[in-house]
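Listed here are the chains, written in short residue letters.
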Amino acid sequence: MKILVTGGAGFIGSNVADGLIAEGYEVVIVDDLSNGRKENIPGKTKFYKADVRDRKLEDVFKSEKPDIVIHNAAQLSVRVSVEEPLTDADINIMGGLNLIDISKRYGVKKIIFASSGGTVYGEQKIFPADESHPLGPISPYGVAKLATEHYLYYFSKAYGLDYIALRYGNIYGPRQDPHGEAGVVAIFCKKMLGGEVPLINGDGLQTRDYTYVGDVVRVNIAAIKSDFVGPINIGTGVETDVVTLFNVLKSASGKDMEEIHGPAKAGEQRRSVLDNNLAKEVLGWEPEISIEEGLNLTYKWFEENN
Ligand SMILES: NC(=O)c1ccc[n+]([C@@H]2O[C@H](COP(=O)([O-])OP(=O)(O)OC[C@H]3O[C@@H](n4cnc5c(N)ncnc54)[C@H](O)[C@@H]3O)[C@@H](O)[C@H]2O)c1
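Remember, predicted model here, so these are calculated numbers, not experimental data.

The next subject is the site of the ligand. Inspection of the region around the ligand gives 31 residues, with Phe11, Ile12, Asp31, Asn35 and Tyr141 positioned closest. Take Gly36: an N or O atom from its main chain is 2.8 Å from an oxygen atom of the ligand. Note that a nitrogen atom of the ligand is positioned 2.9 Å from one of the side-chain N or O atoms of Asp51. For the ligand, whose unbound accessible area comes to 820 Å², protein coverage reaches 98%. Those elements that provide at least two residues to the shell around the ligand are helix 1 (11-22), strand 5 (110-116), helix 5 (140-159) and strand 7 (170-172).

Printed below as a string of structure tokens:
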């Protein structure tokens, strides 16, 4: 089976591509290298340097004929989306729609989309949020993720193109980017390794559902094999605040540091945590890596790779 991974030079995409190869899948990667790195691309893949917004992407589909598309390519910064909503929509909505349209025309069986459970629900009313929680993104980034989910729904109804939208929590782990939704982990690791004390924004009690990238790799493989169509939360169900992150990474570093706090970021979402029961039920997936274990693995990776 041939799988085309967009954004395969990036953090999540390259980890997923590694996992797919280990499982024996044939992998084709599309990435414009705007944020990804060539050295992240696994050796046993075919790589096309291309923009997902480009209509000529169709040439890749014509020659490769992928069975499944895993769509990770995106502008990944919530803050950039607030400052430049048109750029965000261009990449994250129009790029996604281009890919969906081409996939439909070239007989792709299923699209697995990297959506965002951390942003599509907006400020949560129920903790943890399951998939029926009201949708109300409070950033252009979240709006674009939701818009792409709506297009996927439409194409599945109109043309029978199956999809699974994996609504990720905040994903962290080796190769992660400091600008992503779980960027704080990369930022803290780098600062601590450089002998600096990282600054905690506000009181540090803002929470997220931090999910280890190895668990995300496993869920992508489960999604390939599943018949389910629709959105699924991918998280741990555990709320972790920034002060806890700081303390776990501090012990991973073995350094003695006092917490320091800066001003809170205006408009930052306060709490986010995802109910993962649907993933357990329909994908047979649940996270295996605890926050302590995952942060230790991540710190070690930054120590060895920076
Ligand atoms: N990291 C998280 O916590 C998180 C949480 C929820 C959802 N997601 C989503 O998961 C996906 C992967 O995120 P990531 O953290 O690995 O980010 P990343 O930046 O490491 O990976 C994205 C990749 O897409 C590529 N790309 C960007 N624009 C492109 C374009 N127009 N055409 C082709 N390639 C393009 C980049 O070069 C990069 O390699 C994204 O869709 C992101 O929105 C991430």
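Formed by 35 residues in total, the largest nonpolar core has its most connected members in Leu20, Ile70 and Tyr168. The leading source of residues in this core is helix 7 (residues 213-225), at eight residues. Ignoring anything within four residues of it in the chain, the contact list for Leu20 reads Ile3, Val5, Tyr25, Val27, Ile70, Ile221 and Ile224. By size, the runner-up hydrophobic cluster in this structure holds 22 residues, among which are Val28, Ala73, Ile111 and Tyr163.

Looking now at the packing of aromatic side chains. This structure, assessed with the given rule, holds six aromatic pairs. Between Tyr154 and Phe155, the aromatic rings sit 5.3 Å apart at their centres with planes inclined by 85°, giving edge-to-face as the arrangement. By relative accessible area, which is 7% here, Phe155 ends up buried. Seen from their ring centres, Tyr172 and Tyr212 are 5.6 Å apart, and the 65° between their planes marks the pair as edge-to-face. Of the two residues, Tyr172 sits in strand 7 while Tyr212 sits in strand 10 (residues 210-212), which places them 40 residues apart along the sequence. The rings of Tyr154, Phe155 and Tyr159 are connected pair by pair, giving a single aromatic cluster. Note that Lys104 overlies the ring of Tyr159, its terminal NZ or CZ placed 4.2 Å from the centroid.

Among the secondary structure elements, Ser103 is positioned in helix 4 (residues 85-105). The exposure class assigned to Ser103 is buried, which follows from its relative accessible area of 0%. Once you skip the residues sitting within four places of it in the chain, Ser103 turns out to touch Phe61, Val69, Val108, Ile111 and Leu161.

Procedures and definitions
- Residues numbered from 1 in each chain as written.
- Predicted model: local features only at pLDDT ≥ 70, side-chain atom pairs only at ≥ 80, totals over all residues.
- Heavy atoms only, no water.
- Near = heavy atom within 4 Å.
- Polar contact = N/O pair within 3.5 Å; in protein donor to acceptor, adjacent residues only side chain to side chain.
- Areas by Shrake-Rupley, 256 points an atom, 1.4 Å probe, with all protein chains shown as cover.
- Helix = DSSP H or I, 4+ residues; strand = E, 2+ residues; numbered from the N terminus.
- Core = buried A, V, L, I, M, F, W, Y, C linked by side-chain atoms within 4.5 Å.
- Buried < 20%, exposed > 50% of the residue type's maximum accessible area, 1.4 Å probe, protein only.
- Contact = heavy atoms within 4.5 Å.
- Phe/Tyr/Trp six-rings, centres within 6.5 Å; stacked < 30°, edge-to-face > 60°.
- Lys NZ or Arg CZ within 6 Å of the ring centre and 35° of its normal.

Without other data, these values stay purely geometric and don't point to any function.
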